[in-house]
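As a plain string of letters, each chain reads:
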Amino acid sequence: MTHSATPATPLEARSSGPLTGKARVPGDKSISHRALILGALSVGETRISGLLEGEDVLNTAKSMRALGARVERIGEFAWSVHGVGVAGFAQPEVPLDFGNSGTGCRLVMGAVAGCPITAVFDGDASLRSRPMRRVLDPLELMGACVGSSGEGGRLPLTLNGARDPLPILYRTPVASAQIKSAVLLAGLAAPGVTTVIETEASRDHTELMLKHFGAQIVSTPEGGHGRKIALTGQPELHGAEVVVPADPSSAAFPLVAALIVEGSDVVLSDVMTNPLRTGLFTTLREMGASIEQSHVRGDAGEPMAQFRVRASRLRGVEVPPERAPSMIDEYLVLAVAAAFAEGTTIMRGLQELRVKESDRLEATAAMLRVNGVKVEISGNDMIVEGMGHVEGDGLVATHMDHRIAMSALVMGLASDKPVKVDDTAFIATSFPDFIPMMRSLGAEFS
Ligand SMILES: O=C(O)C1=C[C@@H](OP(=O)(O)O)[C@@H](O)[C@H](O)C1
Ligand SMILES: C=C(OP(=O)(O)O)C(=O)O
């Protein structure tokens, strides 16, 4: 779905009383995409509970239908997928529109690359501006071929899948679960072993879920922080049950809000605690945050826990670059926490933030500056001067980026004067109930 034709929906957040209560944020976006895609590549039925019904994931569901899978909503957040089997995708009759979603687009490119079909990939203005060469390069080595495309391999593009896909050994040039996953999904259709080596481990939901659906996949440590992942091609994947835990990247917003709004005490349930996603929680604890974890449990290899978060005095810290893959989507809201902390926070190695829904390095700095916070970008590092409070009174440009919108609204709940965002529409891509859920905890938006 694209928003370009719909009028912007601005919103203002203002200083709120203590946030209290219990909430469950929606299902994890990364796992939701993967459950639909692997369900579509399996034989038999996949039942998914807790699916994120956000626009990004709904676009992936639509693309799976266009590729021949039967995808049905059978209840609230409950979905059923009848798959077509590995390499079984049918030629889609319509372009596949991924809206705002890099994950949906890049993972489906991988899955299509292993099938002898041609598909057109498209998205909104934000997605059309994002680099696709990083995924197309390995997929071409595997035998796929790009027909037409925008400048530098950008969307809209036509991808011709490989008739006889080849297994490859591929070293990802940047820590990216989307690149890794695209190669592995194409590798499903190739004979022999497809291997991906990453020097910094990225989120491993694809590996865990492939195993859950019956693939033979082995992940071993590589160097100091990396992994080597070897997938045996042409498995028969069997439909499985997937329980989607709550998304830690979405939980980050009420969590930081509870830390910075005086007197708050909030409980967040079922938050996924896969260690490759928990860099924000580690960092906030180093800053002095009171975050208690309980009710630890796991499903299909993905652990989850309940978090109790209480308002805390935060102090500035230095966040090392090797932590970036485990919190890549959380730097925006961490920058908000850093602005309310006492002292300087230095976040290192943030180059990947430049190629997300917006240039998140620049957009985050602008969000803070317009609200009176001192912030500097030095190369790929962001340095925030925390003063213990934020002045506010700024209008934040969201640049079609859901996480800028939510971060700015969180900031406004504790700032001296209100904070306004120019458009909240893109919040629906990942956290459709963000505004009512935050209101139910006591957030004041108008
Ligand atoms: O694989 C995934 O589900 C994701 C990977 C990350 O992107 P990169 O692979 O570009 O780092 C992340 O930013 C995105 O929100 C979700
Ligand atoms: C980067 C993100 O998603 P995607 O790459 O799927 O658009 C995100 O949700 O912050």
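Residues numbered from 1 in each chain as written. Chains lettered and ligands numbered in written order. Predicted model: local features only at pLDDT ≥ 70, side-chain atom pairs only at ≥ 80, totals over all residues. Heavy atoms only, no water.

Once that is clear, we can look at the overall build of the chain. Counting its secondary structure elements, the chain contains 13 helices and 24 strands. Computed over its C-alpha atoms, the radius of gyration of the chain comes to 21 Å, within 12% of the 22 Å expected for a compact globule of 446 residues. If you line up the chain on its principal axes, its C-alpha atoms span 60 × 45 × 45 Å. Counting the 446 residues in the chain, one finds 60% classified as buried. Considering only contacts in the chain between residues 6 or more positions apart, those separated by 24 or more positions represent 76%. Separation between the mean location of the 41 positive side-chain charges and that of the 51 negative ones in the chain comes to 2 Å. (Helix = DSSP H or I, 4+ residues; strand = E, 2+ residues; numbered from the N terminus. Rg over C-alpha atoms; globule rule 2.2 N^0.38 Å. Buried < 20%, exposed > 50% of the residue type's maximum accessible area, 1.4 Å probe, protein only. Contact = heavy atoms within 4.5 Å. Lys, Arg positive; Asp, Glu negative; His and termini not counted. Charge placed at Lys NZ, Arg CZ, Asp CG, Glu CD.)

Bringing the site of ligand 1 into the picture now. All residues in the neighbourhood of ligand 1 are listed as Lys29, Ser30, Arg34, Thr103, Ala175, Ser176, Ala177, Gln178, Arg203, Ile328, Asp329 and Lys356. One of the side-chain N or O atoms of Arg34 is found 2.6 Å from an oxygen atom in ligand 1. Between ligand 1 and the protein, one listed contact pairs an oxygen atom with a backbone N or O atom of Ala177 at 3.0 Å. Coverage of ligand 1 by the protein chains reaches 94% of its 380 Å² of free accessible surface. Among the secondary structure elements, those contributing two or more residues to the shell around ligand 1 are α1 (29-40) and α6 (177-187). When residues in the shell around ligand 1 are grouped by element, the largest group, three residues, is from α1. Tallied by class, residues from the shell around ligand 1 come to three nonpolar, four polar and five charged. Both of domain 1 (11-27 + 245-445) and domain 2 (29-243) provide at least three residues apiece to the shell around ligand 1. (Near = heavy atom within 4 Å. Polar contact = N/O pair within 3.5 Å; in protein donor to acceptor, adjacent residues only side chain to side chain. Areas by Shrake-Rupley, 256 points an atom, 1.4 Å probe, with all protein chains shown as cover. Nonpolar A, V, L, I, M, F, W, Y, C, P; charged D, E, K, R; others polar. Domains from an automatic or database assignment.)

This part takes up the pairing of strand β12 (residues 217-222). In terms of strand pairing, β12 meets strand β13 (residues 226-232) through six bridges, oriented antiparallel. Bridging across to β13, Pro221 finds its partner in Arg227. In this antiparallel pair of consecutive strands, β12 and β13, the connection spans three residues, and Gly223 shows a positive phi of 60 degrees. (Pairing = 2+ DSSP bridges.)

UniProt annotation of "active site" (unreviewed entry) refers to Asp329 when read in the numbering used here. Turning to its location among the elements, Asp329 is positioned in the loop between β18 (318-319) and α10 (331-340). Excluding anything up to four places from it in sequence, Asp329 contacts Arg203, Ser249, Lys356, Arg360 and Arg403. (UniProt positions renumbered as here; feature names shortened; annotations may be inferred.)

Turning our attention to the pairing of strand β7 (residues 118-122). Both strand β6 (residues 96-97) and β7 contribute to a ladder of two bridges, which runs parallel. Note on β7: the bridge partner recorded for Leu96 is Phe121. For the crossover from β6 across helix α3 (residues 102-113) to β7, the handedness is right-handed. Pairing of β7 with strand β9 (residues 157-160) involves four bridges; the strand directions are antiparallel. The residue of β9 that forms the bridge with Ala119 is Leu159. (Right-handed = clockwise from strand over helix to strand, strands pointing away.)

On to the pattern of salt bridges. Evaluation of the coordinates by the stated rule reveals 30 salt bridges. Here Asp204 ties to Arg227 by a salt bridge, and the two come within 3.3 Å at their closest N and O atoms. Of this pair, Asp204 sits in the loop between β11 (193-198) and α7 (205-212) while Arg227 sits in strand β13, and the two are 23 residues apart along the sequence. Residue classification places Arg227 among the partly exposed residues on the basis of a relative accessible area of 25%. Salt bridges here are not isolated pairs; linked through shared partners, they connect Arg130, Arg203, Asp329, Glu357, Arg360, Asp401 and Arg403. (Salt bridge = Lys/Arg side-chain N within 4 Å of Asp/Glu carboxyl O.)

What follows deals with the sheet that holds β6. Read across the sheet, four strands follow the order β6-β7-β9-β8 without closing on themselves; strand pairing throughout is mixed. Only two strands of the sheet have a single partner each, and these edge strands are β6 and β8 (145-146). On top of the sheet, α3 reaches β6, β7 and β9; it is set at about 175 degrees to β7, its chief contact. (Axes fitted to C-alpha atoms, helices over the stretch in contact; angles between N-to-C directions.)

With that settled, consider the packing of helix α8 (residues 248-260) against helix α9 (residues 279-286). Put simply, α8 and α9 touch, their axes get as near as 10 Å, and they point 20 degrees apart. The pairing of α8 with α9 is recorded here as roughly parallel in orientation. Crossing angle aside, the handedness with which α8 passes α9 is left-handed. Each of Pro248, Ala252, Leu255, Val256 and Leu259 in α8 lies in contact with α9, whose residues at this interface are Leu280, Phe281 and Leu284. The class makeup of the residues in the contact of α8 with α9 is eight nonpolar, no polar and no charged. (Parallel < 35°, antiparallel > 145°, perpendicular 65-115°, else oblique. Left-handed = near helix turned anticlockwise from the far one by under 90°.)

So, on to the site of ligand 2. Contacts to ligand 2 come from 13 residues, most closely from Lys29, Gly102, Thr103, Arg130 and Arg403. The backbone of Gly102 places a nitrogen or oxygen atom 2.8 Å from an oxygen atom of ligand 2. In the complex, 99% of the free accessible area of ligand 2, which totals 300 Å², lies under the protein chains. Secondary-structure elements contributing two or more residues to the shell around ligand 2 are α3 and α12 (402-412). Looking at the shell around ligand 2 residue by residue, the class counts come to no nonpolar, six polar and seven charged. When residues of the shell around ligand 2 are sorted by domain, at least three fall in each of domain 1 (11-27 + 245-445) and domain 2 (29-243).

Many descriptions give the size of an interface as the accessible area lost when the pieces come together. Domain parsing of the chain yields domain 1 (11-27 + 245-445) and domain 2 (29-243). One C-alpha centre belongs to domain 1, the other to domain 2, and the line joining them spans 28 Å. Every contact between the two is made by 28 residues of domain 1 and, on the other side, 30 residues of domain 2. Between domain 1 and domain 2 we count three salt bridges in total. When the shortest N-O distance is used, the salt bridge between Arg203 and Asp329 registers 3.7 Å. Along the lines of polarity and charge, the residues of the side of domain 1 that touches domain 2 split into 12 nonpolar, six polar and 10 charged.

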